[in-house]
Amino acid sequence: MNKGTCFFPKRFLWGTATSSHQVEGNNTNNNWYIWDQTPGKIIGGATAGLACDWWNGRWKEDLAHAVEDGQNIHRLSIEWSRIEPQPGKWDESALLAYREMLKGILALGLKPMVTLHHFTDPIWIYERGGWENEETAAHFAQYVEKTVGALHDLVDLWVTINEPTVYVFSGYMSGEFPPGKNDAKAAFQVLRNLVRGHACAYHTIHRIQPTAMVGFAKNFRAMAPARKWFLPDRWVNTFSYNSFNNAFADALINGKLKFAMWKDILPEAIATQDFIGVNYYTRDLIKFRLFKPKEIFQERFFDPAAEMSETGFIATEPVGFYESLQWAQRYKLPIYITENGVEDSRDSVRPHYLTTHLFQVWKAIQTGMDIRGYIHWSQVDNFEWERAWTQRFGLWELDVATQKRTRRPSVDIYRDICMSNELPLELIQLHAPELLEPRPR
Ligand code: NOJ
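As a convention, each chain's residues are numbered from 1 in the sequence order in which they are written. Residue-level local features of this predicted model are given only where pLDDT is at least 70; pairs of side-chain atoms are given and counted only at 80 or more, and the full residue set underlies all totals for whole chains, interfaces and linings. Note: side-chain values were computed over all heavy atoms of the structure, leaving out hydrogens and water.

Engineer: Quick question: what am I supposed to make of the overall build of the protein chain here?
Structural biologist: For the protein chain, the count of helices and strands is 14 helices and 15 strands. Based on the C-alpha atoms only, the size of the protein chain along its principal axes is roughly 60 × 55 × 45 Å. The buried label goes to any residue with under 20% of its type's maximum accessible area, the exposed label to any with over 50%, and the partly exposed label to all in between, with areas taken from a 1.4 Å probe on protein chains only. Scored against the burial criterion, the 441 residues of the protein chain give a buried share of 60%. Contacts are residue-level and defined by heavy atoms, with any inter-residue pair within 4.5 Å sufficient. The long-range share in the protein chain, meaning contacts at least 24 apart out of those at least 6 apart in sequence, stands at 75%. Only carbon and sulfur atoms are counted for the fraction: they give 55% of the accessible area of the protein chain, which is about 17200 Å². In this tally, Asp and Glu contribute negative charge and Lys and Arg positive charge; neither His nor the terminal groups of the chain are included. A charge is said to be at NZ when it belongs to Lys, at CZ for Arg, at CG for Asp and at CD for Glu. Taken as two groups, the 48 positive and 52 negative side-chain charges of the protein chain have centres that lie 5 Å from each other. A run of H or I in DSSP becomes a helix once it reaches four residues, and a run of E becomes a strand once it reaches two; helices and strands are each numbered from the N terminus. Only the protein chains shown count as cover for residues, and the accessible areas themselves come from Shrake-Rupley with a 1.4 Å probe.

Spelled out as structure tokens, the structure:
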């Protein structure tokens, strides 16, 4: 039998991703700490607490596992509130701690990809209005200057901002993230300042490190009108697709930001990406709903035929992943898959999810797309924002009370793939045999 049907390119990067607040523990100086402490904001009143205890050094254990299991890249983030706990006051010991971590990561043989903003803001930024405040982009640039200045000999792959549109929609439309608003005008203001922040960061990094590769991580949400024949469903779908998927990324190409009824021109943002980072999880169907103005006149739901994740957060929709890569290709830049995964404490859907999604990556590469790596979310269960510990995205299970890590079966599946740089036929036969049928779903 032919063993290696789905070969990946030489030097393809395989890894996992994490973020500071979700794994470090004791991050008590950011907006999510305030959120944690506010009753009713986090499911079950849980807190991030010690998280995965990375700040005390447990990253060594998790990343040693990653390397033993064939990975060669790790995406992590730096916590702004640790580096600049007060305006203009730099904590050199925090920078040193990140230097040590990055040296350790390199010594393990992993390439670091470093995110500079992953949902969290220092409390002093939050208290001054967060990214609604015009001045935040300049403060962010100063933090980036300090951080990149201190770490550029160890990192050459930077993600400025993680999922800016999720930050905006969750914080300023649905209200699940801090500051918990439902205010479209504020949402536009925040999006605009995030574009400005990204642009400042891009130029700052390149001034310090001209050869760096700089991008952002885009959460691409696949979506489709629930009733293709019904014009209003198509309108709300197009509206959401443009505001959610295109607005931020397009502004980094042509400097034009369009969001709902607002527009702006931000020339400093033109051509400020060296790669495009894609985070992909799932796909929605969208229906027009006249009486839901707060939800932008729409109802979103998953295809009832799709396989669902444990908590109903994700529908397995691998074709949407292919769409996300096609979307990314419009920008004519190298593509990194900066996140993809599913919450699944029992590891019952993850093998199928992983296999079917990687098949789409392989297919996209066959069509000539320049995809440089796949980074799975996540290495180990970590603090899942307002859903806290109820969602388990880790390849490894975490016992939050004892900090014990336990291998899930998917570790071995991913290991086989990373080690061989192939999606072996046996894995497809075992976990996604429908892909081998004459007309795969
Ligand atoms: C995307 C976010 O970047 C990450 O922080 C989160 O944990 C995963 N999605 C899963 O929801």
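Let's pick the thread back up.
Engineer: I tried to follow the pattern of salt bridges on my own but got confused; where do I start?
Structural biologist: Where charged atoms from two side chains of opposite charge approach closely, those side chains can pair. When a carboxyl oxygen of Asp or Glu lies within 4 Å of a side-chain nitrogen of Lys or Arg, that pair is called a salt bridge. Scanning the entire structure with this criterion turns up 28 salt bridges. With its nearest N and O atoms 3.4 Å apart, the salt bridge here joins Asp69 to Arg407. One end of the pair, Asp69, is in the loop between helix H3 (59-68) and strand S3 (73-77); the other, Arg407, is in strand S14 (residues 405-407), with 338 residues separating them in the sequence. Residue Asp69 is classed as buried on the basis of its relative accessible area of 4%. On the accessibility criterion, Arg407 (35% relative accessible area) is partly exposed. For Arg75, the salt bridge is made with Glu339, and the minimal N-O distance between the two is 3.0 Å.

Engineer: What exactly am I supposed to notice about the state of the cysteines here?
Structural biologist: Disulfides are covalent bonds that link the sulfur atoms of two cysteine residues. Count a disulfide wherever a pair of cysteine sulfur atoms falls within 2.5 Å. Counting across every chain of the model gives zero disulfides. Cys418 carries a free sulfur, and the closest cysteine sulfur to it, the one in Cys6, is 15 Å from it.

Engineer: Is there a simple way to think about the nonpolar core in this case?
Structural biologist: Nonpolar side chains in soluble globular proteins generally cluster together in the buried interior. Definition used in this section: a nonpolar core is a set of buried Ala, Val, Leu, Ile, Met, Phe, Trp, Tyr and Cys residues joined via side-chain atoms within 4.5 Å. Ranked by size, the top nonpolar core spans 117 residues in total, and within it Trp14, Phe140, Trp158, Val361, Ile371 and Tyr374 carry the most contacts. Counting residues per element, this core draws most heavily on helix H9 (residues 184-208), at 11 residues. In this view, Ile371 contacts Phe12, Leu325, Ile335, Ile337, Val361, Ala364 and Ile365; residues no more than four positions away in its chain are not counted.

Engineer: Sorry, what's going on with the site of the ligand here?
Structural biologist: By nearness alone, 13 residues border the ligand, and Gln22, His118, Asn162, Glu339 and Glu384 come closest of all. The definition of a polar contact used here is a pair of N or O atoms within 3.5 Å, where within protein one atom must be able to donate a hydrogen and the other to accept one, and adjacent residues in sequence count solely through side-chain atom pairs. One of the side-chain nitrogen or oxygen atoms of Trp377 is found 3.3 Å away from an oxygen atom of the ligand. Within the contact set of the ligand, an oxygen atom lies 2.5 Å away from a side-chain nitrogen or oxygen of Glu384. Calculation on the ligand without its partners gives an accessible area of 290 Å², and the protein chains cover 95% of this total. When residues are sorted by character, Ala, Val, Leu, Ile, Met, Phe, Trp, Tyr, Cys and Pro go into the nonpolar class, Asp, Glu, Lys and Arg into the charged class, and all the rest, Gly among them, into the polar class. A per-class count over the shell around the ligand returns six nonpolar, three polar and four charged. To be near a molecule or strand, a residue needs just one of its heavy atoms within 4 Å of it.

Engineer: Where do I start with the packing of helix H7 (residues 136-151) against H9 in this structure?
Structural biologist: For every element, the axis is a line fit to its C-alpha atoms; helices are fit only across the contacting stretch, and the angle between N-to-C directions ranges from 0 to 180 degrees. Across the interface, H7 lies against H9 with an axial gap of 9 Å and an inter-helix angle of 30°. Taken together, H7 and H9 sit at an angle that is classed as roughly parallel. Both H7 and H9 take part in a crossing whose hand is right-handed. Between H7, through Ala137, Phe140, Ala141, Val144, Glu145, Val148 and Gly149, and H9, the contact on the second element is made entirely by Asn193, Arg196, Gly197, Cys200, Ala201, Thr204, Ile205, Arg207 and Ile208. Looking at side-chain class alone, the contact of H7 with H9 contains nine nonpolar, four polar and three charged residues. Any angle between 65 and 115 degrees counts as roughly perpendicular, while under 35 counts as roughly parallel, over 145 as roughly antiparallel, and the rest as oblique. When the near helix sits turned anticlockwise from the far one by under a right angle, the crossing is termed left-handed; a clockwise turn instead gives a right-handed crossing.

Engineer: Where do I start with the pairing of strand S5 (residues 157-162) in this structure?
Structural biologist: Each regular strand carries side chains that alternate between the two faces of the sheet. A large share of S5 lies buried, amounting to six of its six residues. At least two DSSP bridges between two strands are needed for those strands to be called paired. Bridge count for strand S4 (residues 111-117) against S5 is three bridges, and the pairing is parallel. The residue bridging Val114 from the neighbouring strand is Trp158, located in S5.

Engineer: Help me out: how do you make sense of the side chain of Glu163 in this one?
Structural biologist: Along the chain, the position of Glu163 falls in the loop between S5 and helix H8 (164-172). One buried charge, Glu163, has no salt-bridge partner; the nearest side chain with opposite charge is Arg75, at 6.7 Å. Among the polar contacts listed, one links the side chain of Glu163 to the side chain of Asn279, at a separation of 2.8 Å.

Engineer: So what exactly am I meant to see when it comes to the pairing of S3 here?
Structural biologist: Here S3 lies mainly inside the structure; five of its five residues are buried. Both faces of S3 are covered, namely the face carrying Ile73, Arg75 and Ser77 and the face carrying His74 and Leu76. Bridge analysis of strand S2 (residues 13-17) against S3 gives three bridges, and the strand direction is parallel. Bridge pairing in S3 links Thr16 to His74.

Engineer: Sorry, what's going on with unusual backbone geometry here?
Structural biologist: Following Pro178, the chain continues to Pro179 via a peptide bond in cis, the omega torsion being 10°. Along the polypeptide, Pro179 turns up in the loop between H8 and H9. With an omega dihedral of 10°, the bond running from Trp377 to Ser378 counts as a cis peptide bond. With respect to the helices, strands and loops of the structure, Ser378 is situated in the loop between strand S12 (371-376) and strand S13 (396-398). Positive phi outside glycine occurs at Ala271, with the angle close to 55°. Mapped onto the fold, Ala271 is located in the loop between strand S8 (262-265) and strand S9 (276-288).

This is a description of form; function is not addressed.
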